[in-house]
There are 2 protein chains.
Amino acid sequence: MNTTESPAPLDFWFDFSSPYGYLLSEKIDAVAARYGRKVRWHPILLGIVFKATGSAPLTLQNPAKAAYSLHDFARSARFMGIPFRQPSQFPLATQNAARAYYWLHDQDCSLARQFAHATFRALYVDDRDISSPDTVLNIAENLGVNRASLAAALQSPEIKTKLKDEVDLAIQAGVFGSPHVVIDGEAFFGADRLPQIEKWLETGGF
Amino acid sequence: MNTTESPAPLDFWFDFSSPYGYLLSEKIDAVAARYGRKVRWHPILLGIVFKATGSAPLTLQNPAKAAYSLHDFARSARFMGIPFRQPSQFPLATQNAARAYYWLHDQDCSLARQFAHATFRALYVDDRDISSPDTVLNIAENLGVNRASLAAALQSPEIKTKLKDEVDLAIQAGVFGSPHVVIDGEAFFGADRLPQIEKWLETGGF
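What counts and how
Residues numbered from 1 in each chain as written. Chains lettered and ligands numbered in written order. Predicted model: local features only at pLDDT ≥ 70, side-chain atom pairs only at ≥ 80, totals over all residues. Heavy atoms only, no water. Pairing = 2+ DSSP bridges. Helix = DSSP H or I, 4+ residues; strand = E, 2+ residues; numbered from the N terminus. Axes fitted to C-alpha atoms, helices over the stretch in contact; angles between N-to-C directions. Least-squares fit on C-alpha atoms with pLDDT ≥ 70 in both. Contact = heavy atoms within 4.5 Å. Buried < 20%, exposed > 50% of the residue type's maximum accessible area, 1.4 Å probe, protein only. Arc of directions from axis to C-beta. Buried area = accessible area lost by both parts, 1.4 Å probe. Salt bridge = Lys/Arg side-chain N within 4 Å of Asp/Glu carboxyl O. Nonpolar A, V, L, I, M, F, W, Y, C, P; charged D, E, K, R; others polar. Polar contact = N/O pair within 3.5 Å; in protein donor to acceptor, adjacent residues only side chain to side chain.

Undergrad: So what about the sheet that holds strand β3 (residues 180-183) of chain A? Which residues, and what values?
TA: Residue and element names in this part refer to chain A. With mixed pairing, 4 strands are arranged side by side in an open sheet as β2-β1-β3-β4. Each edge of the sheet is formed by a strand with only one pairing partner; in this case those strands are β2 (39-43) and β4 (186-189). On average, each strand axis in the sheet is inclined to that of its neighbour by 20 degrees, with strand direction left out of account. When strand β1 (residues 10-14) meets β3, the two strands line up antiparallel, connected through 3 bridges. Looking at β3, one finds that Asp11 is bridged to Val182.

Undergrad: I'd love a proper account of the relation of the copies chain B and chain A, names of residues and values included.
TA: Of the transformation superimposing chain B on chain A, the axial component is 0.0 Å and the angular component is 180 degrees, with the fit at an RMSD of 0.0 Å. This pairing of chains is accounted for by a two-fold axis. Taking C-alpha positions as the reference, the residue of chain B nearest the rotation axis is Asp192 of chain B, at 3.3 Å. Of the interface residues in chain B, 100% have counterparts in chain A that sit at the interface too, so the contact is made through matching surfaces.

Undergrad: Now, about helix α3 (residues 46-53) of chain B: what can you tell me, with residues and values included?
TA: Since the α-helix packs 3.6 residues into each turn, any two residues three or four apart lie on the same face. Residue and element names in this part refer to chain B. Within α3 the residues assigned to the buried category are Leu46, Val49, Phe50 and Thr53. All buried residues of α3 lie within an arc of 100 degrees about the axis, which places them on one face of the element. Set apart from the buried face of α3 by more than 90 degrees, the exposed residues are Lys51 and Ala52. For α3, the elements touching its buried residues are α9 (157-172). Gly54 lies just past α3 and shows a positive phi near 70 degrees.

Undergrad: I'd like to hear about the interface of chain B and chain A, residue by residue, with values.
TA: In this assembly, 26 residues from chain B lie in contact with 26 residues from chain A. Taken over both partners, the interface formed by chain B and chain A buries close to 2,500 Å², and the fraction arising from carbon and sulfur atoms is 54%. Looking only at chain B, the three residues that lose the most surface to chain A are Tyr68, Arg75 and Phe79 of chain B, adding up to 25% of its buried area. At the surface where chain B touches chain A, the tally comes to 6 salt bridges. Measuring nitrogen to oxygen at the nearest pair gives 2.8 Å for the salt bridge that ties Arg75 of chain B to Glu186 of chain A. Those elements giving two or more residues to the side of chain B that touches chain A turn out to be α4 (63-80), β4 (186-189) and α10 (194-203) of chain B. Ranked by residue count, the leading element in the side of chain B that touches chain A is α4 of chain B, at 9 residues. In the side of chain B that touches chain A, the residues fall into 11 nonpolar, 7 polar and 8 charged.

Undergrad: Kindly report on helix α7 (residues 133-142) of chain B, identifying the contributing residues and their values.
TA: Residue and element names in this part refer to chain B. Among the residues of α7, those classed as buried are Thr135, Val136, Leu137, Ile139 and Ala140. Those residues of α7 hidden inside the fold are in contact with α5 (95-107), α6 (109-124) and α8 (147-154). Its side-chain oxygen placed 3.1 Å from the backbone nitrogen of Asp134, Ser132 serves as the N-cap of α7. Note on α7: the residue one or two positions beyond its end, Gly144, has a positive phi of about 95 degrees.

Undergrad: Help me get a handle on the side chain of His180 of chain B, residues and values and all.
TA: Residue and element names in this part refer to chain B. Mapped onto the secondary structure, His180 falls in strand β3 (residues 180-183). Since its relative accessible area comes to 1%, His180 is described here as buried. Excluding residues within four positions of it along the chain, His180 makes contact with Asp11, Phe12, Trp13, Gly174, Val175, Ala187 and Phe188.

Undergrad: Please provide a residue-by-residue account of the environment of Arg193 of chain B, values included.
TA: Mapped onto the fold, Arg193 of chain B is located in the loop between β4 and α10. Along the backbone, Arg193 of chain B and Gly204 of chain B are 11 residues apart, and their C-alpha atoms lie at a distance of 16 Å. Setting aside residues up to four positions removed in sequence, Arg193 of chain B forms contacts with Tyr20, Tyr68, Asp72, Arg75, Ser76 and Asp192 of chain A together with Phe188 of chain B. A distance of 2.9 Å separates polar atoms of two side chains, one belonging to Arg193 of chain B and the other to Asp192 of chain A.

Undergrad: Account for the environment of Gly54 of chain B, with residues named and values stated.
TA: Along the polypeptide, Gly54 of chain B turns up in the loop between α3 and α4. Note: C-alpha distance between Gly54 of chain B and Phe176 of chain B (122 residues apart in sequence) is 9.2 Å.

Undergrad: Could you give an account of the pattern of salt bridges, with specific residues and numbers?
TA: Inspection of the entire model under this criterion finds 28 salt bridges over all chains. A salt bridge links Arg40 of chain B to Asp11 of chain B; the nearest nitrogen and oxygen atoms lie 2.8 Å apart. With a gap of 29 residues between them, Arg40 of chain B in strand β2 (residues 39-43) and Asp11 of chain B in strand β1 (residues 10-14) connect regions that are remote in the sequence. The partly exposed category is assigned to Arg40 of chain B, whose relative accessible area is 42%. Among the charged side chains, a network of salt bridges with common partners joins Asp72, Arg75, Glu186, Asp192 and Arg193 of chain A together with Asp72, Arg75, Glu186, Asp192 and Arg193 of chain B.

Okay, here's the thing in structure tokens:
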């Protein structure tokens, strides 16, 4: 419950393997900040969401939509002025990256944000295999994180439960894809809803 | 083949029962005209496209996506400044409207455009059942079309073949949903791609 004068933060749900999630991750904090808002980031596992909701990744749907989507990822990135390269492995498993995020967040939310940006960019700029625990540990170590502590944390039941809980929370919140942003109860799906998100923040609803 | 100096027209594929198709129909001609371009409208039957590509309407997918989509149709309309009311019957069959469009287009392409706007607005502003031949004939008659001639045309094998050919052409062109716009070979899916369409027209590609 928000008992102070400051407005509630936005909720930003995404999977680290979601291209449109990456595109929005590069913009959402700055847009929110222009209207005095913070953003709570929630990496989730879209595979579990898709299983629960009976959906599938864009590139594993029909061939026409898959071909269009691959083309649109890169074009939308150029349109938004964001570096982008289609990863050679796609989609890929992101539980290690998401678990690392939540473990870091418990200690230092600003460091967790840096880690999230570095992880998205590792995948979508440098084509690194972020499904691998080693890559995740390398990214974190590069930000000053103790590698052994994080390696142990990735195996802990607590962090596995934390991620599972976040995915359950997402499904309960009506999340069916990535990215999904909620502002004061109003949901916006897709990086292409950024202009609507901005207008909503500016006007308080339209 | 374009043998003159004037640039090629845009192709605009849509189903008359597509809400995002309606939203784009209210904007696409004016945007194209700003860059000296015309638009070729192609009403198609999304049901056949979905069957061919293994897809489904947004509101018949999972409940979370269906609920979001219904909300987003109306919000996107407000965002774009377009009158919108969710039809009580949705989605609905549009072969009569599409056949009427092509028959009118053979005689007077400007009248066909007026008919297309009137048909979309009949569904999305006045909640009229455009699946009914009577409604389609009423809309056309109101634009000065001879009712009996159009009624006969709607039953003709020629017009049924024409619509079937357009749907086949759409599938061959990679259309997998509505609206789908093609500019000089570049495809844009969704009313939310209008800013990219405009930038593409302005810059010749980005």
